[in-house]
Amino acid sequence: MPTREYAEHKRPTGTRNLPPGFRHGKGLQYLVACILVAATLVVYGQIGRHEFLHYDDDQYVTENPVVRSGLTVQGVAWALTTTHFSYWHPLTWLSHMTDVEVFGLDARAHHFVSLSFHAANAVLLFMILFRMTGALWQSGFAAALFALHPLHVESVAWLAERKDLLSTFFWLLAIGAYLRYARRPGVAPYLFVLLLFMLGLMAKPMVVTLPVTLLLLDYWPLQRFSRDASPPEFPGNELSARRPGLHILGEKVPFILLAVACGVITLLSPGVQGASSSLERLPLNVRGANALVAAAGYLGKTICPSSLAVYYPHPEGALASWKIAGAAALVGGITILVLRMARRRPYLVFGWFWYLTTLLPVSGLLQVGGQSMADRYTYVHLIGIFVMISWGVADMAWSWRLRAPALAATAFVALFVLAFVSW
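Structure report, in brief.

Calculation notes
Residues numbered from 1 in each chain as written. Predicted model: local features only at pLDDT ≥ 70, side-chain atom pairs only at ≥ 80, totals over all residues. Heavy atoms only, no water. Helix = DSSP H or I, 4+ residues; strand = E, 2+ residues; numbered from the N terminus. Buried < 20%, exposed > 50% of the residue type's maximum accessible area, 1.4 Å probe, protein only. Contact = heavy atoms within 4.5 Å. Polar contact = N/O pair within 3.5 Å; in protein donor to acceptor, adjacent residues only side chain to side chain. Patch = residues over 30% accessible without salt bridge, like charges linked within 9 Å, V, L, I, M, F, W, Y side chains within 5 Å. Areas by Shrake-Rupley, 256 points an atom, 1.4 Å probe, with all protein chains shown as cover. Salt bridge = Lys/Arg side-chain N within 4 Å of Asp/Glu carboxyl O. Axes fitted to C-alpha atoms, helices over the stretch in contact; angles between N-to-C directions. Parallel < 35°, antiparallel > 145°, perpendicular 65-115°, else oblique. Left-handed = near helix turned anticlockwise from the far one by under 90°. Nonpolar A, V, L, I, M, F, W, Y, C, P; charged D, E, K, R; others polar. Expected span 1.5 Å × (residues − 1).

Looking now at the environment of Ala 147. Within the secondary structure, Ala 147 sits in helix 8 (residues 136–148). Accessibility expressed as a relative area gives 1% for Ala 147, which makes it buried. Along the primary structure Ala 147 and Thr 40 are separated by 107 residues, whereas in three dimensions their C-alpha atoms are 6.2 Å apart. Those residues in contact with Ala 147, other than ones at most four positions away along the chain, are Thr 40, Tyr 44, His 118 and Ala 122.

Okay, structure coming up:
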């Protein structure tokens, strides 16, 4: 068994450079999880007074005769085969049917189910990050940003966005199962990850980018591409199994095939085809320009969540050249910077490419609807940015020799402001 000093010396960048007192504390994980749930309930508990919206909620619940009938054999068959309202997402339909079966059309109960999924997602994110890195406080801060950020209000408080919450729930469960598989490879653990991926796709097609995020996890923090047989990052955290690069890529082939199949079903669904804009109306250069500006815009709203709206109209060809150039410079500059810092700060590569990859399905390159961007699209892809912020702040605090109380106070103030704006 390696000594603690040796383990500390070999700890990968991003978990070593922490102020004293911020490295360990595995026994505190349940307390952190309870705090996450409590904070989420305080901010979002008010949705128990909300009604249904006559804005997609009618399509999903209140004026949908199949859903209003609750869980029936005919309803389950319909959910498994329909592409009603743009997507094939049977688990989302079954979730709404179950709510009606249990609660009737009591909007408060439906909203609290959504809130429960959001709280569960925050806790899952925390537990997964903690298990992968052993960094309690960075994991807790990233999960708190996820739980309390105002950009996520739309996904939680708008009942029609249950699909965001449900798909992310299975996405995070799949990552947790993949972590177990990476530590102890086997057929059964692998098939379980694949099953969770399928369930995520059945909640929302956006989960198609999961295979790429698994590859990012192989890079950091699992380090499955590394040949360095370093000791565990913290006691009880077994090493990920080392595999040749081709083997790791080969593992993802079934996931990619499932993603492609789901993508084809989505693209061929009448709802998507009817809502998609033609290339004549929105050429690829216009779509690409809007995607760049939206990617930069999400970053701006992450740092300063103001002027949020339920609908941002597409500018079509009216985007100013300086906005396009500025967005391209920002996105390109950050990409170059994180690649240059990859050896010392691998979490930056993980976070940034998680952000860009998960953004692709909703970037507008395949334009469905008239929006240029949407707050609900950030529910998954901001996880990457939150990881960059959490681990980056810890590294800067160590470099600047900030004391733990000062860092904790700063984090608390930032979270309080975000929670207040979300509330």
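Back to the write-up after that little detour.
Looking now at the side chain of Glu 154. Structurally, the position occupied by Glu 154 is in helix 9 (residues 153–157). Looking at Glu 154, the relative accessible area reads 11%, which means it is buried. Here Arg 376 takes part through its side chain, which lies 2.8 Å from a polar atom of the side chain of Glu 154. Glu 154 has contacts with Glu 161, Ala 309, Val 310, Ala 374, Asp 375 and Arg 376, leaving out every residue within four places of it along the chain.

Before going further, it helps to spend a moment on a nonpolar patch on the surface. A surface patch of nonpolar side chains, amounting to about 800 Å² of accessible area, comprises Phe 412, Val 413, Phe 416, Val 417, Phe 420, Val 421 and Trp 423. Structurally, Val 417 can be placed in helix 20 (residues 404–422). Taking relative accessible area as the criterion, Val 417 reaches 44% and is therefore assigned partly exposed.

The amide bond that connects Trp 220 to the next residue, Pro 221, takes the cis arrangement and shows omega of 5°. Considering the arrangement of structural elements, one finds Pro 221 in the loop between helix 12 (210–219) and helix 13 (245–251). Phi is positive for Asp 56, close to 80°, though the residue is something other than glycine. Take Asp 56: it is sitting in the loop between helix 2 (29–44) and helix 3 (57–62). Owing to a relative accessible area of 22%, Asp 56 belongs among the partly exposed residues under this scheme. One non-glycine residue, Ser 307, lies in positive phi territory at about 55°.

Our next topic: the packing of helix 6 (residues 90–103) against helix 10 (residues 162–183). Helix packing for two helices is described by the angle between their axes and how far apart those axes are. At a minimum axis separation of 10 Å, helix 6 and helix 10 run at an interaxial angle of 115°. With respect to each other, helix 6 and helix 10 are oriented roughly perpendicular. At the point where helix 6 passes helix 10, the crossing takes the right-handed sense. Taken together, the residues of helix 10 that come into contact with helix 6 (itself represented by Leu 91, Thr 92, Ser 95, His 96 and Asp 99) are Arg 162, Lys 163, Leu 166 and Phe 170. Here the contact of helix 6 with helix 10 is built from residues that sort into 3 nonpolar, 3 polar and 3 charged.

This paragraph deals with helix 18 (residues 346–359). Along its 14 residues, helix 18 runs 20 Å from first to last C-alpha, staying within 8% of the 20 Å computed at 1.5 Å per residue. Listed as buried for helix 18 are Pro 346, Tyr 347, Leu 348, Val 349, Phe 350, Gly 351, Trp 352, Trp 354, Tyr 355, Thr 357, Thr 358 and Leu 359. Buried-residue contacts for helix 18 involve helix 10, helix 12, helix 16 (284–303), helix 17 (321–340) and helix 19 (378–399).

With that settled, the discussion passes to the side chain of Thr 213. For Thr 213, the location among the structural elements is in helix 12. A polar atom in the side chain of Thr 213 sits 2.7 Å from the backbone oxygen of Leu 210. The residues touching Thr 213, leaving out its near neighbours within four places in the chain, are Trp 171, Trp 354 and Thr 358.

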